[in-house]
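# Structural characterization, general
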Amino acid sequence: MKTPFLVAFVIGLLAGPGANATIQHPRKRRHTAAAATHRAAAAPIVRVATQTPRPAPAAPAPAAVVIRGGPWTEPTYADSTVGDMVDGEDLVIRRAAVEALGPYNGSVVAVDPNTGRILTMVNQRVALGTGFQPCSTIKVAVALAGLSEKAIKPANRFRLGTLRMDLTYALAHSNNYYFATLGAKLGFEKVSHYAHLFGYGERAGLNVAGEQPGAFPSAVPRNGGVGMLCSFGEEISQTPLQLAALMSAIANGGTLYYLQYPHDQDEARNFVPLVKRTLEIGSLIPVIKPGMRGAVQFGTAHRAREDGPIAGKTGTCSENYTHLGWFGSFNDVGPRKLVVVVLLTGGRPAIGPLAAGIAGDMYRRLGEQKYFAASQPFAPATLISRQICCAK
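This report concerns the structure included in the present document.

The rules behind these values
Here the residue numbers are simple positions, counted from 1 along each chain's written sequence. For a predicted model such as this one, the threshold for reporting local features is a pLDDT of at least 70, and the threshold for listing and counting side-chain atom pairs is 80 or more; totals across whole chains, interfaces and linings nevertheless cover every residue. Each side-chain value is derived from all of the structure's non-hydrogen atoms; neither hydrogens nor water enter the calculation. A helix here means a DSSP run of H or I that spans at least four residues, while a strand means a run of E at least two residues long, and both kinds are numbered starting from the N terminus. Residue burial is assigned from relative accessible area. The probe radius is 1.4 Å, only protein chains are included, and a residue is buried under 20% of its type maximum, exposed over 50%, and partly exposed in between. The Shrake-Rupley method, run with a 1.4 Å probe, gives the accessible areas here. Residue values count only the displayed protein chains as cover. In what follows, a disulfide is any cysteine sulfur pair within 2.5 Å. As defined here, a cavity is a set of points on a 1 Å grid over the protein atoms alone where a 1.4 Å probe fits but cannot get out. A pocket is an open set with protein on both sides within 12 Å along at least five of seven lines, and residues line them when an atom is within 4 Å of a point. Grid points are joined across faces, edges and corners, and a volume is the space filled by probe spheres set on the points. Gly is put with the polar residues, along with every residue not named as nonpolar or charged; the nonpolar set is Ala, Val, Leu, Ile, Met, Phe, Trp, Tyr, Cys and Pro, and the charged set is Asp, Glu, Lys and Arg. Contacts are assigned to residue pairs with any non-hydrogen atoms lying within 4.5 Å of each other. Residues enter patches when they are more than 30% accessible in relative terms and free of salt bridges; like-charged ones are connected within 9 Å and nonpolar ones (Val, Leu, Ile, Met, Phe, Trp, Tyr) within 5 Å. Salt bridges are defined by distance alone: a side-chain nitrogen of Lys or Arg within 4 Å of a carboxyl oxygen of Asp or Glu. Throughout, nonpolar core names a set of buried Ala, Val, Leu, Ile, Met, Phe, Trp, Tyr and Cys residues whose side chains join them through atoms within 4.5 Å. Pairs of strands are assigned from DSSP output, requiring at least two bridges between the strands. Between N-to-C directions, angles cover 0 to 180 degrees, with each direction set by a line fitted to C-alpha atoms, over the stretch in contact for helices. Should an angle fall under 35 degrees it is called roughly parallel, over 145 degrees roughly antiparallel, and 65 to 115 degrees roughly perpendicular, with every other angle called oblique.

Take the overall build of the chain next. The secondary structure content of the chain amounts to 13 helices and nine strands. Taken over 392 residues, the chain has a buried fraction of 48%. Surface accessibility of the chain: about 20000 Å² in total, with carbon and sulfur atoms responsible for 57%.

Here the structure, examined in full by the defined rule, presents one disulfide. Two residues share a disulfide in this structure: cysteine 135 and cysteine 317, whose sulfurs sit 2.0 Å from each other. The chirality of the disulfide connecting cysteine 135 with cysteine 317 is left-handed, given an S-S dihedral of about -65°. With cysteine 135 in the loop between helix H4 (124-127) and helix H5 (138-148) and cysteine 317 in strand S7 (residues 310-319), this residue pair connects regions lying 182 residues apart in the sequence. The same class applies to cysteine 135 and to cysteine 317, which are both buried.

Take empty space enclosed by the protein next. Per the stated rule, a full pass over the model turns up two cavities of 30 Å³ or more. Here the largest cavity defines a volume of roughly 50 Å³. Forming the boundary of the largest cavity are Ile138, Ala141, Val142, Ala145, Leu186, Val191, Tyr194 and Ala195. Among the secondary structure elements, those contributing two or more residues to the lining of the largest cavity are H5 and helix H8 (188-197). Here the lining of the largest cavity takes four residues from H5, the largest share from any one element. Of the residues assigned to the lining of the largest cavity, the class counts are eight nonpolar, no polar and no charged. Space inside the second largest cavity adds up to approximately 40 Å³. Residue lining of the second largest cavity: Phe198, Gly199, Ala204, Gln242, Ala245, Leu256, Tyr257 and Lys276, and that is the complete set.

Here alanine 172 is to be found in helix H6 (residues 167-173). Since its relative accessible area comes to 0%, alanine 172 is described here as buried. When the C-alpha atoms of alanine 172 and glycine 299 are compared, they prove to be 4.9 Å apart, with 127 residues separating the residues in sequence. Beyond its immediate chain neighbours, meaning those up to four positions away, alanine 172 contacts Gly291, Gly294, Ala295, Phe298, Gly299 and Thr300.

Among the surface-exposed residues, Leu160, Leu163, Tyr169 and Tyr177 lie close enough to one another that they form a single nonpolar patch of about 330 Å² accessible area. For tyrosine 169, the position within the fold is in helix H6.

This part is about the nonpolar core. Among the nonpolar cores identified, the biggest contains 69 residues, and Leu167, Phe179, Phe198, Leu241, Ile250 and Ile288 are the most heavily contacted of them. Sort the elements by how many residues they give to this core and helix H10 (residues 240-252) lands first, with nine residues. Those residues in contact with leucine 167 that sit more than four places away from it in its chain are Ala143, Leu147, Ile152, Pro154, Asn156, Tyr178, Phe179, Val287 and Ile288. Ranked by size, the runner-up nonpolar core spans 30 residues in total, among them Ile93, Val122, Leu338 and Tyr371.

Attention now moves to the pattern of salt bridges. All told, the structure shown has 12 salt bridges when counted by the stated rule. Glutamate 89 serves as the salt-bridge partner of arginine 94, at 3.1 Å between the closest nitrogen and oxygen. There is no split in this pair, since arginine 94 and glutamate 89 are both buried. Here glutamate 368 makes a salt bridge to arginine 364, at a shortest N to O gap of 2.8 Å. Of the two residues, glutamate 368 and arginine 364 are both situated in helix H13 (residues 352-368); the distance of four residues between them amounts to about one turn of the helix. Among the residues examined, arginine 364 registers a relative accessible area of 31% and is labelled partly exposed. Residues participating in the shared-partner salt-bridge network are Glu99, Asp361, Arg364, Arg365 and Glu368.

The next point concerns the pairing of strand S1 (residues 106-111). Most of S1 sits out of view: six of its six residues are buried. Judged by which residues are buried, S1 turns out to be covered on both faces: Gly106, Val108 and Ala110 on one side and Ser107, Val109 and Val111 on the other are all buried. In the sheet, S1 pairs with strand S2 (residues 118-122) via four bridges, with the strands oriented antiparallel. The residue bridging valine 108 from the neighbouring strand is valine 122, located in S2. Turn length for the S1-S2 hairpin, with the two strands adjacent in sequence and antiparallel, is six residues, and the turn residue glycine 116 shows positive phi of about 85°.

It is at 6 Å that the axes of H5 and helix H9 (residues 225-232) come closest, and there the two elements cross at 115°. Taken together, the axes of H5 and H9 lie roughly perpendicular to each other. For the pair H5 and H9, contact is made by Ile138, Lys139 and Val142 and by Leu229, Cys230, Ser231 and Phe232, respectively. Within the contact of H5 with H9, the residues separate by chemical class into five nonpolar, one polar and one charged.

Here we take up the environment of alanine 301. Note that alanine 301 resides in the loop between helix H12 (285-298) and S7. Given the relative accessible area of 0%, alanine 301 is considered buried. For the pair alanine 301 and glycine 360, spaced 59 residues apart in sequence, the C-alpha separation works out to 9.2 Å. Every residue in contact with alanine 301, bar those within four places of it in the chain, is listed here: Ala295, Val296, Thr314, Phe327 and Ala356.

Right, dumping it as C-alpha cells:
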C-alpha cells in the first residue's frame, strides 16, 4: 500500500521543527580601532557587497488534483460508460453490468470462461489501461503456486497468535499473514514463475485494441519484500482482463484462453476461441474453490451472496492516492458459466466488499432473466483453434 504522505509526516515528526534550521555564528571583528578611524575619515565611502545575492526562489510545483473528502486523485462517482464501443457486446450482459455498477467510478468485465469471449467491458479506458495494484486478489495466484510446489497442503495450518488457519479460512477472510508466510516459503523466483504462467506481465487479450500488458516486478519489492508482494500485490500492475482470464481458467478447469473482443455482431456469431496455454491446475481447483466460495458465503465478499453459489476473491488497497476495490468471480453452478471482474477506483467507498456487492447484483439481475439456466447455443465457438498457442 503506497502512502507517501504518511511517511513524510512521520519523518517530519522525528526530525522536529528545527531540523532544517542553519545555526548562525557571530562574525569575528577583523579590524583594529585605528583602521576603523582611518576608514571613517576617508571620502567618499564606497560600500561593496560582501555576499552573493540569493537566487530567486523556484516557483512551487503545481499541486496534484485532490478530490474532496480525502487525499484522493480519482472521484468515487462518475459515468463509467463514456466512450465505450459496444457493437460486438452481449447487450443483456452489458445492461446488467451497467445497472449494477450504477454511479460508481469503475470497470466491469464479463467473460465466457469456456471460450474467452469478452461479453461486455464497461469503462474500456480503465479495463484496457496500464493496470492497478491487485491488492488481495493476488492471493489466488499465490495459493495455486503454493499448492503446485507442495509448499502447503489443504490441512496445513499457520499459527497467528492463538488462531491456527488453513487455506480455506485464509482465502475466505483474506488473511495477509498467511499469504506473506507462504510467499516467504516459496521465494520470489517461484512466485514470479507462476505469476507469469498465470498471465501476469503479458496481454490477456488477442488483438484487443489499446490493451496494455500490466507489469510484474523483476526483483523483490523494496517495500515489504516478497511478503507484501504475495499479500497486497506490491509493485504489480494487474488489469481487469488479466484477472478475468485467470478466473476463467479456474472456472473451466485450467484452460487459459486468449480473451477476444468482437467488434460487431457478425464477429460475435462467428467467434472461434483460441487457447493460450493449458495450466496444470485441474487437481488444485477443488482445493482453492472452498476458500473462494467461503469468501462469498461468510468472508470478505459476503455482499455478493446470492441464491446460486459464487466463488470469488476481493481486494482492497490504495495506490497513488487512489483507493482500489477489486472482485474477481465466477458462478459455480448451472450449464452457463460467467466470469465477472469488478474494479472500483476513487475514495474510501471504493473497496473490495462493495465491488463484490456490485458483482452479486449483476449475477442476480441475470438470474432473474434465466440467463444461467439457458444452455450454450451451438456456434463456431465450439471449434477451438490452437493456431496461436504459448508453451506451458
